[in-house]
Amino acid sequence: MRTASITRATKETQIRLAVDLDGTGKASIATGIGFFDHMLDLLARHSRIDMEIEATGDLHIDFHHTVEDVGIALGQAVKTALGDMRGITRYASLHLPMDETLTRVALDISGRPFLVFRTEFPAPKIGEFDTELVREFFQAFAINAGLTLHVETLYGLNAHHIAESCFKGLARALRLAVAIDPATAGEIPSTKGSLGG
């Protein structure tokens, strides 16, 4: 079973989170941030990774700590659930359209975390959600999941569509990359014999 549960508690946030990489995309999300819940819900749905996320944070200050810490915990959970990564497809890339927006996402479950995020938003906020927090989430998630992750929005006009294309693109790429490749089941997809070094 490729599952993991994470509990993270700091002075700023308290998070309980569980994932199942071989799920059906079921999601139970409660962070107290409506737009972020929406993005996490579609991340689960389109990755087919079951996610349970319960977070409370210092939202009276701003959303930054909660968004970043959920990214940290979710990345840790995915990395733990992947185990030694035997049989995974490892690589994935795609273009994700969302109305007038097109975003390219490429990732490698390398164990060597790195983020390239080339996305600009035409507005500083989506409702009450700071658009700069999209990058903060992707950074926290990529570093803690051990992903080499490239996200680039080629064009787009609507901030909501741009954010959604990034999350959906990540979801679809994760779905492909974490899948077990029947041709290499049981093998670690690296000439070095291990991932992460």
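Just so it is clear, the model here is predicted, and its values are computed rather than measured. (Residues numbered from 1 in each chain as written. Predicted model: local features only at pLDDT ≥ 70, side-chain atom pairs only at ≥ 80, totals over all residues. Heavy atoms only, no water.)

Undergrad: Could you give an account of the overall build of the protein chain, naming the residues involved and the relevant values?
TA: From N to C terminus, the protein chain includes 4 helices and 10 strands. Walking the protein chain from its N terminus toward its C terminus, one meets helices and strands in the order β-β-β-α-β-α-β-β-β-β-β-α-β-α. Taken over C-alpha atoms, the radius of gyration comes to 16 Å for the protein chain, in line with the 16 Å a tight globule of 197 residues would show. Over its C-alpha atoms, taken along the principal directions, the protein chain stretches across nearly 45 × 40 × 30 Å. In the protein chain, buried positions account for 52% of the 197 residues. In the protein chain, of all internal contacts separated by at least 6 residues, the share reaching a separation of at least 24 is 77%. Of the roughly 9,100 Å² of accessible surface on the protein chain, 51% is carried by carbon and sulfur atoms. (Helix = DSSP H or I, 4+ residues; strand = E, 2+ residues; numbered from the N terminus. Rg over C-alpha atoms; globule rule 2.2 N^0.38 Å. Buried < 20%, exposed > 50% of the residue type's maximum accessible area, 1.4 Å probe, protein only. Contact = heavy atoms within 4.5 Å. Areas by Shrake-Rupley, 256 points an atom, 1.4 Å probe, with all protein chains shown as cover.)

Undergrad: So what's going on with unusual backbone geometry? Residues and values would help.
TA: Even without being a glycine, R48 presents a positive backbone phi close to 65°. Relative to the helices and strands, R48 is located in the loop between α1 (34-47) and β4 (50-57). Even without glycine at this site, R90 takes up a positive phi of about 80°. Topologically, R90 is positioned in the loop between α2 (64-82) and β5 (91-98).

Undergrad: Give me the sheet that holds strand β2 (residues 13-20): which residues, what numbers.
TA: Spatial ordering of the open sheet is given by β1-β2-β4-β3, a layout of 4 strands whose pairing is mixed. Strand pairing shows two members of the sheet lacking a second neighbour, β1 (3-9) and β3 (27-30), which therefore form its edges. For this sheet, the mean inter-axis angle between neighbouring strands, taken without regard to orientation, is 5°. Pairing between β2 and β4: 8 bridges, direction antiparallel. Note on β4: the bridge partner recorded for Q14 is T56. Packing against the sheet, α2 makes contact with β1, β2 and β4, and its axis sits at approximately 35° to β2. (Pairing = 2+ DSSP bridges. Axes fitted to C-alpha atoms, helices over the stretch in contact; angles between N-to-C directions.)

Undergrad: Which residues make up the sheet that holds strand β6 (residues 101-108), and what values go with them?
TA: Sheet architecture is open: 4 strands sit in the order β5-β6-β10-β7, paired in mixed fashion. The sheet is open, and its two borders are formed by β5 and β7 (114-118), each paired with just one other strand. Geometrically, the sheet is characterised by an average inter-axis angle of 10° between neighbouring strands, direction not taken into account. Alignment of β7 against strand β10 (residues 148-155), held across 5 bridges, turns out to be parallel.

Undergrad: Which residues make up the packing of helix α3 (residues 132-145) against helix α4 (residues 159-178), and what are the values?
TA: The interhelical angle for the contact between α3 and α4, taken along N-to-C directions, is 20°, at an axis separation of 10 Å. By the angle class used here, α3 and α4 are roughly parallel. The handedness of the crossing between α3 and α4 comes out as left-handed. In this structure, α3 uses V134, F137, F138 and F141 to contact α4, whose residues at the interface are A163, C166, F167, L170 and L174. (Parallel < 35°, antiparallel > 145°, perpendicular 65-115°, else oblique. Left-handed = near helix turned anticlockwise from the far one by under 90°.)

Undergrad: So what's going on with the nonpolar core? Residues and values would help.
TA: Among the nonpolar cores identified, the biggest contains 62 residues, and F137, F138 and L149 are the most heavily contacted of them. A per-element tally of this core places α4 first, with 11 residues. Residues within four places of F137 in sequence aside, it is in contact with F36, L40, L43, V67, V70, G71, L74, F167 and L170. (Core = buried A, V, L, I, M, F, W, Y, C linked by side-chain atoms within 4.5 Å.)

Undergrad: So, the pairing of β2: which residues are in play, and what are the values?
TA: Here β2 lies mainly inside the structure; 6 of its 8 residues are buried. Strand direction decides the pairing type here: β1 and β2, joined by 7 bridges, are antiparallel. Note that in β2 the partner of S5 across the bridge is A18. Hairpin connection of β1 to β2: 3 residues between the antiparallel strands.

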